[in-house]
Amino acid sequence: MRYFITGGAGFIGSHLATRMLDRGDKVLVLDDLSTGSMENIAHLLDRAGFAYRIGSALDAPLVSECVDQCDVTVHLAAAVGVRLIVERPVHTIETNVKATEVVLGAAAKKQKLVLIASTSEVYGKSASLPFREDGDLQLGPTTHSRWAYACSKALDEWLGLAYMREKKVPVIIVRFFNTVGPRQTGRYGMVLPNFVSQALSGQPITVYGSGDQQRCFGHVQDAVEALLRLLGTPGAVGGVYNIGSDEEISIRGLAEKVRDAVGSDSPIEHIPYAEAYEAGFEDMQRRIPDLTKLEATIAFRPTTPLTAIIADVVADQRARGGPV
Ligand code: UDP
């Protein structure tokens, strides 16, 4: 099979490309290197079956050419990370909505399979835990930029499902929960790589808010396994799937675990949300995926425990000699 991965030089995309090449597939990556990097795909440049294009997923002729050359598209290109969303809301909305439209439009010509990456952010403030794919979404007001991210990705989902219904494009939608692992950069505010680089350099570990908020962190290798299985399961087409771990930890607990794993003396420092993000910023207190549907469809659930995930990220940053 030949796979086209938009955002393939990003964190999840580069891990996915590696696994696809390992099993003998061909991979074409498109990335504008805005949040992705050549460093992420440097190890793939000499691999047989690998090709890449530097360009935007908003460039319709370029996307169309790439879609035509491949059997399946995995659309990961998006504006990601809460910090980026707050700082560049126009860029976020435009990138997320227009790129998906471009990809689906290209795939519609020959009704080729498209997997669209969405996010657990779409559940918003919902308190119906664990989050089921058919549960209601509960977003905040348009005056807070944060919700633009959730809303833009929800629109991507609707667009995908609409293309499937109306134009017979086979579509699979995945909602990634906090996905972490080697090569993830902390530059866009993601918590685990940030904490690890702070602990390694002896800087204060910055916990936003009280630190009582909880998250479930899934290993990128587990996420990639789930993606590959979904892509190989005809019954997955037309569905929306949570991907992530359901092992919960508070952010303060995460800071302590990271500090212990590194053996660091870094103090844990609390920073108000208004300072970390924007005035009136509302954080999600808890976010747990219901993995029943994923497991029933692909006979797999993420298994890597948090301690092993942290150890992997610490080892990766140590090997690089600093933050990614
Ligand atoms: N966070 C933190 N310190 C940081 C970065 C993030 O305490 O340096 C918190 C953030 O406020 C949120 C959680 O960690 O409660 C996860 O943040 P991230 O941006 O990784 O993902 P999110 O769950 O917000 O999508």
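Residues numbered from 1 in each chain as written. Predicted model: local features only at pLDDT ≥ 70, side-chain atom pairs only at ≥ 80, totals over all residues. Heavy atoms only, no water.

## Here we look at the side chain of Glu121
Working step 1: As for its position among the elements, Glu121 is in the loop between strand S5 (113–119) and helix H6 (146–167).
Working step 2: Among the polar contacts made by the side chain of Glu121, one reaches the side chain of Arg146 at a distance of 2.3 Å.
Working step 3: Those residues in contact with Glu121 that lie beyond four places of it in its chain are Val82, Leu139, Arg146, Tyr149, Ala150, Met284 and Arg287. (Helix = DSSP H or I, 4+ residues; strand = E, 2+ residues; numbered from the N terminus. Polar contact = N/O pair within 3.5 Å; in protein donor to acceptor, adjacent residues only side chain to side chain. Contact = heavy atoms within 4.5 Å.)

## Here's the deal with the site of the ligand
Working step 1: Taken together, 19 residues are adjacent to the ligand, and Thr206, Tyr208, Arg215, Asp283 and Arg287 come closest.
Working step 2: Within the backbone of Val191, one N or O atom sits 2.8 Å away from an oxygen atom of the ligand.
Working step 3: At 3.0 Å from an oxygen atom of the ligand is found a side-chain nitrogen or oxygen belonging to Gln213.
Working step 4: At the level of secondary structure, the elements contributing two or more residues to the shell around the ligand comprise helix H7 (191–201) and strand S8 (205–208).
Working step 5: Among the residues forming the shell around the ligand, the class breakdown is 9 nonpolar, 5 polar and 5 charged. (Near = heavy atom within 4 Å. Nonpolar A, V, L, I, M, F, W, Y, C, P; charged D, E, K, R; others polar.)

## Describing the packing of helix H9 (residues 251–262) against helix H12 (residues 306–320)
Working step 1: One way to put it is that H9 packs onto H12 with a least axis distance of 10 Å and a crossing angle of 55°. The orientation of H9 relative to H12 falls into the category oblique. As for the relative orientation of H9 and H12, their crossing is right-handed in sense. Contact residues: Leu254, Lys257, Val258, Ala261 and Val262 in H9; Leu306, Thr307, Ile310, Val314 and Arg318 in H12. (Axes fitted to C-alpha atoms, helices over the stretch in contact; angles between N-to-C directions. Parallel < 35°, antiparallel > 145°, perpendicular 65-115°, else oblique. Left-handed = near helix turned anticlockwise from the far one by under 90°.)

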